[in-house]
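# Inside the fold
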Amino acid sequence: MQLTEKHKQYWNINLKISSVLLVLWFVVTFVMGWFARELNEINIIGPLGFYMSAQGSLIIYVAIIWYYAHYMNNLDKEYGVHEGELD
Amino acid sequence: MSAITQSQFAANLKRYYSFYTGGFVAFVIVVGILEQLGVPSKILGYIFLFATIMLYAGIGFMSKTADVGEYYVAGRRVPALFNGMATGADWMSAASFIGMAGTLYLSGYDGLAFVLGWTGGYCLVAILLAPYLRKFGQFTIPDFLGARFGGHLPRFIGVIAAITCSFTYVIAQIYGVGIITSRFTGLEFQVGVFVGLAGILVCSFLGGMKAVTWTQVAQYIILIVAYMIPVVWLSVKHTGIPIPQISAYTSALPKITALETEFNDKATPKGAKEESVRAIFRERSAAATAKLAGLEKDGPAFLAAEKQKLTDKVAALKAEATPDAKAIEAAEKTVKDFPADAAAAKKAWTAEKGVGARAAPVKAHAEAFAVGGKTPEEIEKNRSKAKKNFLALIACLMIGTAALPHILMRYYTTPSVHEARVSVFWGLFFIFLLYFTAPALAILAKYEVYSNLVGSSFASLPAWVSNWSVVDKSLMNIADINKDGIVQLAEIVIGGDLIVLATPEIAGLPYVISGLVAAGGLAAALSTADGLLLTIANAMSHDLYYKMIDPNASTVRRLAVSKGLLLVVALCAAYVTSLKPGDILFLVGAAFSLAASGFFPALVCGVFWKRANYLGAVLGMSAGLGTCAYYMYTTYPFFGVNAPLWWDIAPISAGTFGIPAGFLGVIIGSLISAEPSKEIQELVDHVRYPNLEGDIDTKGI
């Protein structure tokens, strides 16, 4: 089994999209958590810091995972590493 | 499996579970009719308990199997949507179902660490682990460690870690099962534990992962329906909007905030009444403090003098011209209840001193890291401590999520890598449905208490309050402290679990919905316990017995060993649970910290760092587990060592130190020894690509 340039490119793109999404995950979790008191000063649908931790961040998590699955599925096809159709 | 059968299979499943959901709704309606006909609620509780357990047993029986692939990984044909539901049920435990909303009610913003920690971890699962583990295939998490790092030792440490964290966690689940069955049927706690255990075993015993998967899907449907109905109803009752996740923030939260300010402002009528109760608590606390000081100074002599004072008071009352019978009775009772010796007195007075806490002002629900302190510097210090612990707990819970073997195992059961990725999405989506409802429920329940219960008269308390205060004082404790006949907030003590349990009654729903909530809580606890017990039994039978002791064992023998071990582990867990060890929340937190420190570094490095090798894995896993266990042992009060905390981090977040230690171990161990063999590097490439030409095959089946 020999990896081609194309395979390496696929893996690099995977690493890139993974890092971007993980940075987003880090920001909505830890950065927003750190500044929760400051964010609470802003009032959109209740105090923003509270709202984000109770609901907003969760919605972003679901979106991150959906986007990753969607993106990688297309990338698999584009780089010819996708599996045979199962359904 | 050909394309047509898999999609037909998925279509059939959708049909079965639609019928099932319809059937369940019909069942609830029938029980509702029985209630209207006057069947006592205790009987209804039994009907719910036994009907649902029989249902799970039925599914378990229909899924019985003698095939290794079906027993360990449900034949790898669980479609993403259903694997998502099974993950949801596997994931959401009694603590999530019953406890979460209560924790949020009691601690406001700071409780959100659990909401964030138990959802955000799935981002790590989705991006760092699930697709790669699915490509690797095989049966257990130690399987991956064994193949990736070579040799028996990494697999063995994996087995130890899997057993330690799953066993800790399963005890918390069986505890939940015991509480629910005993509360809704009146059985003894210990009996409840074993009844629940029977429910767990009938699912997993015959059909392993296959049976557990299909039961968990059924359990998810019950638990989500049971959680949503009362909350939606409550939302309509209070705000007229049927979407609690919106109404709580737009309508209830601003009113709560306004009431909190009023309660804390002595100038307002409500604030003044609260202050009168708080003053009593402060006095009582101060009196107890004085008595404790007296006891410390004079010992038994002080105790005798105190008792004499009370006896004299009784005599004085009796000697009055017109003796007041009630007052005499009360005074005699104080003499009777007087602590017998110095130790008892110390205990009683220390507890009494603690009521001072009830004199504290109301904490604003949405305020983050609200802490007390005498000076601005002290407040600042306490606040930074609270903030640090909040974030550390989130980190441990999230990374623990991405390392708990019973969850990761679920991704072996999907038909493909793509389906594994999609199933993480469905999994988190189904979990999210409950987790973004819990904070809304906490707000709506708080609104009910602040606006309707507070200010009502003790003569006509709402029915749910008087019912629950009779059933269990630790859940609902209410007393007219300042004797004005009106309820003040400071006069109410609520136990967290009450919120979910009492919501149907608060919303004015019939008892059948309470039974449904109990069935939902039971489903949550049973489904998690199922997954955990199977993980433990598989780690022992597959990894320890088959892979390390007797690799030539026949299929029949392997399954027999696995089932035997399942039984033994389940009985051990039930026995340990019936001894009622420690604090549930700590057990859960400990399981997460242990899993995070033991597995996460080795698993992630195994996929993303080709250089990681045998020595790295061994060092990393033992350093992670060791550090985490050491910190918990030395700092958690239960063990009695009480060493000073490191950087003020609470013992529940021991993973904060275990995880970096684990990564450090993997890196150092790998760099000081030779790089892994060509075969292992090929294995890493194999897991990284969903499909490679000329690929090796690592699947067991």
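Criteria and cut-off values
- Residues numbered from 1 in each chain as written.
- Chains lettered and ligands numbered in written order.
- Predicted model: local features only at pLDDT ≥ 70, side-chain atom pairs only at ≥ 80, totals over all residues.
- Helix = DSSP H or I, 4+ residues; strand = E, 2+ residues; numbered from the N terminus.
- Rg over C-alpha atoms; globule rule 2.2 N^0.38 Å.
- Buried ≥ 20, exposed ≤ 12 C-beta atoms within 10 Å, placed from the backbone.
- Contact = placed C-beta atoms within 7 Å.
- Expected span 1.5 Å × (residues − 1).
- Bend = angle between axes of the 7 residues up to and from the residue.
- Nonpolar A, V, L, I, M, F, W, Y, C, P; charged D, E, K, R; others polar.
- Axes fitted to C-alpha atoms, helices over the stretch in contact; angles between N-to-C directions.
- Parallel < 35°, antiparallel > 145°, perpendicular 65-115°, else oblique.
- Left-handed = near helix turned anticlockwise from the far one by under 90°.
- Core = buried A, V, L, I, M, F, W, Y, C linked by C-beta atoms within 7 Å.
- pLDDT = per-residue confidence, 0-100.

The next thing to look at is the overall build of chain A. Broken down by element type, chain A carries three helices and zero strands. Written out in order from the N terminus, the α and β elements of chain A read α-α-α. Computed over C-alpha atoms, the radius of gyration of chain A comes to 18 Å, more than 25% over the 12 Å expected from 2.2 N^0.38 for 87 residues, which places it beyond the range of a compact globule. Principal-axis analysis of the C-alpha atoms gives chain A an extent of 55 × 30 × 15 Å. Within the span of chain A, comprising 87 residues, buried residues form 34% of the whole. The long-range share in chain A, meaning contacts at least 24 apart out of those at least 6 apart in sequence, stands at 50%.

Turning our eyes to something else, we now look at the overall build of chain B. A tally of helices and strands in chain B yields 26 helices and two strands. Taken over C-alpha atoms, the radius of gyration comes to 28 Å for chain B, in line with the 27 Å a tight globule of 701 residues would show. Counting only C-alpha atoms and orienting by the principal axes, one finds that chain B spans roughly 105 × 65 × 45 Å. Sorting the 701 residues of chain B into buried and exposed places 51% on the buried side.

Quick look at helix H9 (residues 189-239) of chain B now. Residue and element names in this part refer to chain B. Here H9 contains 51 residues, and its C-alpha end-to-end distance of 38 Å is more than 12% below the 75 Å for a straight helix at 1.5 Å per residue. Approximately 135 degrees is the largest bend angle found in H9, and it occurs at Gly 208. Where H9 ends, the next residue or the one after it, Gly 240, has phi of about 80 degrees, a positive value.

Turning next to the interface of chain A and chain B. Facing the 42 residues of chain A at the interface are 50 residues of chain B. Taken together, the elements giving at least two residues each to the side of chain A that touches chain B come down to helix H1 (5-34), helix H2 (36-40) and helix H3 (48-78) of chain A. Ranked by residue count, the leading element in the side of chain A that touches chain B is H3(A), at 18 residues. Class assignment for the residues of the side of chain A that touches chain B results in 25 nonpolar, twelve polar and five charged.

Residue and element names in this part refer to chain B. Checked against the element boundaries, Ala 351 lands in helix H14 (residues 342-354). Ala 351 gets classed as exposed once you count the C-beta atoms within 10 Å, which come to 10. For the pair Ala 351 and Ser 285, spaced 66 residues apart in the sequence, the C-alpha separation amounts to 9.0 Å.

Attention now goes to the packing of helix H8 (residues 152-185) of chain B against helix H24 (residues 614-635) of chain B. Residues and elements named next belong to chain B. Packing of H8 against H24 brings their axes to within 9 Å, and their N-to-C directions diverge by 20 degrees. Classified by the angle between their axes, H8 and H24 sit roughly parallel to one another. Helix-helix and strand crossings are classified by hand; for H8 and H24 the assignment is left-handed. Facing Leu 153, Pro 154, Ile 157 and Ala 161 of H8, the residues of H24 in contact are Tyr 614, Ala 617, Val 618, Met 621, Ser 622 and Leu 625. Its residues placed into classes, the contact of H8 with H24 shows nine nonpolar, one polar and no charged.

What follows is about unusual backbone geometry. Residue and element names in this part refer to chain B. One non-glycine residue, Lys 483, lies in positive phi territory at about 55 degrees. Looking at Lys 483, the number of C-beta atoms within 10 Å reads 10, which means it is exposed. Despite not being glycine, Asp 648 has its phi angle at roughly 60 degrees, a positive value. Looking at the secondary structure, you find Asp 648 in the loop between H24 and helix H25 (655-671). A count of 14 C-beta atoms within 10 Å places Asp 648 in the partly exposed class.

Residue and element names in this part refer to chain B. For the pair helix H6 (residues 112-136) and helix H15 (residues 376-401), the least separation of the axes is 7 Å and the interaxial angle reads 40 degrees. Comparing their axes, H15 and H6 come out oblique. Considering how the two elements wind past one another, H6 and H15 form a crossing that is right-handed. Of the residues in H15, those touching H6 at Ala 113, Phe 114, Leu 116, Gly 117, Trp 118, Gly 120, Gly 121, Tyr 122, Leu 124 and Val 125 are Phe 390, Leu 393, Ile 394, Leu 397, Met 398, Ile 399, Gly 400 and Thr 401.

A word on the nonpolar core. Ile65(A), Ile174(B), Leu223(B), Ile399(B) and Leu533(B) are the most contacted members of the largest nonpolar core, which has 241 residues in total. The biggest single contributor to this core is H9(B), with 23 residues. Sequence-distant contacts of Leu223(B), that is, excluding residues within four places in its chain, are made with Ala89(B), Met92(B), Phe97(B), Gly520(B), Ala523(B) and Ala524(B).

Here we take up the confidence of the model for chain B. When pLDDT is averaged across chain B, the result is 85; 98% of the residues are at 70 or more. Per the prediction output, this complex has pTM 0.89; the corresponding ipTM is 0.93.

This paragraph deals with the environment of Leu532(B). All names here are of chain B. Its location among the elements puts Leu 532 in helix H21 (residues 511-549). For Leu 532 and Ile 224, which are 308 residues apart along the polypeptide, the C-alpha to C-alpha distance reads 21 Å. Beyond its immediate stretch of four places on either side in the chain, Leu 532 contacts Ser 166, Tyr 169, Val 170, Gln 173 and His 406.

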